[in-house]
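Read off the chains here:
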Amino acid sequence: MIKQKIRALVLDSIKALGFPSDTNFEILTPKPGFGDFSSNAALILAKQQGTSPREMADALLEAITKHTPSAIDRIEIAGPGFINFFLAESFYTDITARILGAGDTWGSNQELTGKKIMIEYTDPNPFKPFHIGHLMTNAIGESLSRIVEASGAHLVRANYQGDVGLHVAKAIWALGGEGLPDKSLPVQEQAEYIGRCYVLGSRAYEDNLEAKAEIDVINKKVYTREDEVINEIYDWGREITLEAFEAIYKKLGTHFNYYFFESEMAIIGEKIVRANIGKVFTESNGAIVFHGENYDPKLHTRVFISSQGLPTYEGKELGLVMTKFEKENPDVSITVTANEQAEYMRVVTKAVEQLEPSIAPRMHHICHGMMRLEAGKMSSRKGNVVTGESLLKDSYEEVYEKVLERDYSQELKESIATTVSVAALKYSILKPAMGGDITFDFERSISFEGDSGPYLQYAAIRARSILNKAAEAGLAPSADSRKGHEVTPLERELFRFEDVVFRAGKEYEPHHIVTFLTDLSAAFNQFYGAGQIVDAANLAAPYKLALTHAFYITLNNGLKLLGISLPEKM
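Residues numbered from 1 in each chain as written. Predicted model: local features only at pLDDT ≥ 70, side-chain atom pairs only at ≥ 80, totals over all residues. Heavy atoms only, no water.

### Section: unusual backbone geometry
Then, in step 1: Although it is not a glycine, Asp123 adopts a positive phi angle of roughly 50 degrees.
Then, in step 2: By secondary structure assignment, the location of Asp123 is in the loop between β5 (116-120) and α5 (132-150).
Then, in step 3: A positive phi angle, near 55 degrees, is found at Tyr508, a position not held by glycine.
Then, in step 4: In this structure, Tyr508 sits in the loop between α18 (497-507) and α19 (511-529).
Then, in step 5: Assessed through its relative accessible area of 16%, Tyr508 is described here as buried. (Helix = DSSP H or I, 4+ residues; strand = E, 2+ residues; numbered from the N terminus. Buried < 20%, exposed > 50% of the residue type's maximum accessible area, 1.4 Å probe, protein only.)

Here you go:
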């Protein structure tokens, strides 16, 4: 990757001048007109050495030019001492050829080759609706999984589903009162009914002391499996909601290697906690707790087994962590959740550190923010509860209306609506940097123009259409026929893809790819508008087609890393 080569070139020059090899400088992407890359090394060194930045830049430039590779056309000093690198025209020609030759592998790297990484994400709860947070966690986790795979890692996908707990008891209580739905109904409708019963049970638990006591009893019996009626409702509801989740995973393009369940992890976690009372855990008022503040003043006490003798989220999580490492022993175990679980995960990690010191450093927790809905635009159109599933449905219906008048088959219209609506949501979720909240603008998300997933899909479909048209005219892409074709903004974007994927994998930040693909598509649209591409009379046509093909490969590969597919047409 050229960025790493330029960094190495600058570092070698720093060492050749006798300056520290650990100098913390950057290789930046400057504004147009100031080169393809820029380094602030001279500014950093000048400050450390107490000399003029310009003089330091002159010295560095002299050292750099002794070993300048052919990929660099020229190097200039700008401003107070920035060193700007301009790439050669031949470099861009070579990159275009490389992209065409690499195809589906373009953008991948070997940074994580030999590493096993497990990523846990989505984590919905049977008996509850698949909410917006699960949709966010799924989109982020799936994209991270694909980026990690593109970096050479052996990836293991995991999903942790809460099939026991108070939420289950609340739903079962309401199902006992309301009755079970018609079991001949579609699975999704039965699952939605269970979700509505969960809401009824939650309200009753808060407002009705008698109902609260009944739900608490059900909660214990779900664990002990001592009540046949409760077992029957539980087994049916668990199966139905898990099946409904699978339909959502399929729509989102997700699959998992492991499905972990709280019912199983609770047993494992409880055994571990009870075996370490007096060593790591402490009995307190009938409960068993971990005093996190004893190990780190920023932490606090968390309950791992409740006074009722039931494992809490923390106790179950402990069982999950140990099970993951027992089954796969990953080099890195990543868990994706919302920000609200950050403190709880820190305490669990500290408890694991006391039990298995070799495991804790390999645990990595990635947090995302909340999705907030644009006022007046995103109350659910079919009720007042906005779930992840209702959001998918609303997006689908809105996109379907856009393609309704197209002269396509019914099957194609439905396929387009599904693919485009999923892209709209995933783009909106992945666009911001990790950790921040998202304000979801429904209309913007499904727009075919501007900053959206459908916009990227449309650019890819346009490029594919141009390539098909060229093939029909007997024209083929060729990176060997530049014919005086000037370097375009599109070419200046294309070569950056490798670096962007590398950075996204290093930082676990898909938003770098989203930003890049949006800029890339804008550059392609500018290229498309600058002149006819399919033109047999134009000697530059084969190279223009090569660029179009390189763009299509790059955009398609990038979209795959985001978990976004391309529709057949738009």
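Picking up where we left off.
### Some points on the side chain of His167
Then, in step 1: Summarising the element assignment, His167 is placed in helix α6 (residues 166-178).
Then, in step 2: The class of His167 is buried, set by a relative accessible area of 8%.
Then, in step 3: Looking at His167, its side chain comes within polar contact range of the main-chain oxygen of Pro126, at 3.4 Å.
Then, in step 4: Beyond its immediate stretch of four places on either side in the chain, His167 contacts Asn125, Pro126, Lys128, Gly162 and Tyr198. (Polar contact = N/O pair within 3.5 Å; in protein donor to acceptor, adjacent residues only side chain to side chain. Contact = heavy atoms within 4.5 Å.)

### Focus: the sheet that holds strand β11 (residues 332-338)
Then, in step 1: The strand order across the open sheet formed by 5 strands is β7-β6-β5-β11-β12, and the pairing between neighbours is parallel. Sheet topology places β7 (258-261) and β12 (363-368) at the edges, where each strand pairs with a single neighbour. Each neighbouring strand pair of the sheet contributes to a mean axis angle of 25 degrees, computed without reference to strand direction.
Then, in step 2: Helix-sheet contacts for helix α11 (residues 313-327) involve β5, β6 (154-161), β7, β11 and β12, and the interaxial angle to β7 is about 150 degrees. (Pairing = 2+ DSSP bridges. Axes fitted to C-alpha atoms, helices over the stretch in contact; angles between N-to-C directions.)

### Points about α6
Then, in step 1: Between its first and last C-alpha, α6 extends 18 Å over 13 residues, near the 18 Å set by a 1.5 Å rise per residue.
Then, in step 2: Every buried residue of α6 is accounted for by His167, Val168, Ala169, Lys170, Ala171, Ile172, Ala174 and Leu175.
Then, in step 3: The elements touched by buried residues of α6 are α7 (187-207), α8 (209-224) and α9 (228-252).
Then, in step 4: With its phi angle positive at about 90 degrees, Gly179 sits one or two positions after the end of α6. (Expected span 1.5 Å × (residues − 1).)

### Considering the packing of helix α16 (residues 453-472) against α19
Then, in step 1: In contact at an axis separation of 10 Å, α16 and α19 are set at 40 degrees when each is read in the N-to-C sense. Here α16 lies oblique to α19, going by the angle between them. Where α16 crosses over α19, the handedness of that crossing is left-handed. For the pair formed by α16 and α19, the contact residues are Tyr455, Leu456, Ala459, Arg462, Ala463 and Ile466 on the first element and Leu517, Thr518, Ser521, Ala522, Phe524, Asn525 and Tyr528 on the second.
Then, in step 2: Residues that form the contact of α16 with α19 fall into these classes: 9 nonpolar, 3 polar and 1 charged. (Parallel < 35°, antiparallel > 145°, perpendicular 65-115°, else oblique. Left-handed = near helix turned anticlockwise from the far one by under 90°. Nonpolar A, V, L, I, M, F, W, Y, C, P; charged D, E, K, R; others polar.)

### Description of the confidence of the model for the protein chain
Then, in step 1: Taken residue by residue, the protein chain gives an average pLDDT of 93. The fraction at 70 or more is 98%.
Then, in step 2: Here residues 376-384 scores under 50 on pLDDT; set against residues more than four positions off or in separate chains, the count is 16 contacts. (pLDDT = per-residue confidence, 0-100.)

### Considering the pattern of salt bridges
When the charged atoms of two side chains with opposite charge come close together, those side chains can pair.
Then, in step 1: Tallied over the full model, the rule gives 26 salt bridges.
Then, in step 2: In this structure, Arg74 and Asp73 form a salt bridge, with 3.4 Å as the shortest nitrogen-oxygen distance.
Then, in step 3: Of the residues examined, Arg74 reaches a relative accessible area of 38% and is grouped as partly exposed.
Then, in step 4: Note that Arg98 and Glu498 form a salt bridge whose closest N and O atoms lie 2.5 Å from each other. One end of the pair, Arg98, is in helix α4 (residues 89-102); the other, Glu498, is in helix α18, and 400 residues separate them in sequence.
Then, in step 5: On the basis of relative accessible area, Glu498 is assigned to the buried category, the value being 10%.
Then, in step 6: Several salt bridges converge on common partners, so that one network encompasses Glu142, Arg146, Glu149 and Arg157. (Salt bridge = Lys/Arg side-chain N within 4 Å of Asp/Glu carboxyl O.)

### Notes on the packing of aromatic side chains
Then, in step 1: Throughout the structure, instances matching the rule amount to 23 aromatic pairs.
Then, in step 2: Seen in terms of ring centroids, Phe91 and Tyr92 are 5.5 Å apart; in terms of plane orientation they differ by 75 degrees. Their pairing is edge-to-face.
Then, in step 3: Centre to centre, the rings of Phe497 and Phe516 are 5.6 Å apart; their planes meet at 25 degrees, and the pair counts as stacked. With Phe497 in helix α18 and Phe516 in helix α19, this pair connects stretches of sequence that are 19 residues apart.
Then, in step 4: Residue Phe497 is classed as buried on the basis of its relative accessible area, which comes to 0%.
Then, in step 5: Linked through ring pairs, Tyr121, Phe130, Phe245, Tyr249, Phe256 and Tyr259 together constitute an aromatic cluster.
Then, in step 6: For Arg238, the ring lying beneath its charged end belongs to Phe261, and the centroid distance is 4.3 Å. (Phe/Tyr/Trp six-rings, centres within 6.5 Å; stacked < 30°, edge-to-face > 60°. Lys NZ or Arg CZ within 6 Å of the ring centre and 35° of its normal.)

### A word on α9
Then, in step 1: Here α9 is 25 residues long and its end C-alpha atoms lie 36 Å apart, about the 36 Å a rise of 1.5 Å per residue gives.
Then, in step 2: Its side-chain oxygen at 3.0 Å from the backbone nitrogen of Val229, Asp227 defines the N-terminal cap of α9.
Then, in step 3: Phi turns positive one or two residues past the end of α9, at Gly253, with a value near 75 degrees.

### Digging into the nonpolar core
Then, in step 1: Grouped together as the largest cluster of nonpolar side chains are 121 residues, with contacts concentrated most on Val10, Phe85, Ile119, Leu490, Leu517 and Phe551.
Then, in step 2: Of the residues forming this core, the biggest block, 11 residues, is contributed by helix α14 (residues 410-430).
Then, in step 3: Those residues within four positions of Val10 in sequence are excluded, and the remaining contacts are Phe25, Ile27, Ser39, Ala41, Ile64 and Phe85. (Core = buried A, V, L, I, M, F, W, Y, C linked by side-chain atoms within 4.5 Å.)

### With respect to the environment of Leu242
Then, in step 1: Secondary-structure assignment places Leu242 in helix α9.
Then, in step 2: Leu242 sits 70 residues away from Ile172 along the chain, and the two C-alpha atoms are 16 Å apart.
Then, in step 3: Leu242 has contacts with Pro126, Gln161 and Phe261, leaving out every residue within four places of it along the chain.

### Describing the sheet that holds strand β8 (residues 282-284)
Then, in step 1: In spatial order, the strands read β8-β9-β10; together these 3 strands make up an open sheet with antiparallel pairing. Two strands bound the open sheet, and with one partner strand each, they are β8 and β10 (301-305). Across the sheet, the mean angle from the axis of one strand to that of its neighbour is 45 degrees, orientation sign disregarded.
Then, in step 2: Strand direction decides the pairing type here: strand β9 (residues 287-291) and β10, joined by 4 bridges, are antiparallel. Counterpart to Val289 in the pairing with β10 is Val303.
Then, in step 3: Across the face of the sheet, helix α10 (residues 262-275) comes into contact with β9 and β10 while running at roughly 115 degrees to β10.

### Regarding the side chain of Asp123
Then, in step 1: No salt bridge is formed by the buried Asp123. Its closest oppositely charged neighbour is Lys324, at 7.0 Å.
Then, in step 2: Not counting residues up to four positions away in its chain, the partners in contact with Asp123 are His134, Asn159 and Tyr160. (Lys, Arg positive; Asp, Glu negative; His and termini not counted.)

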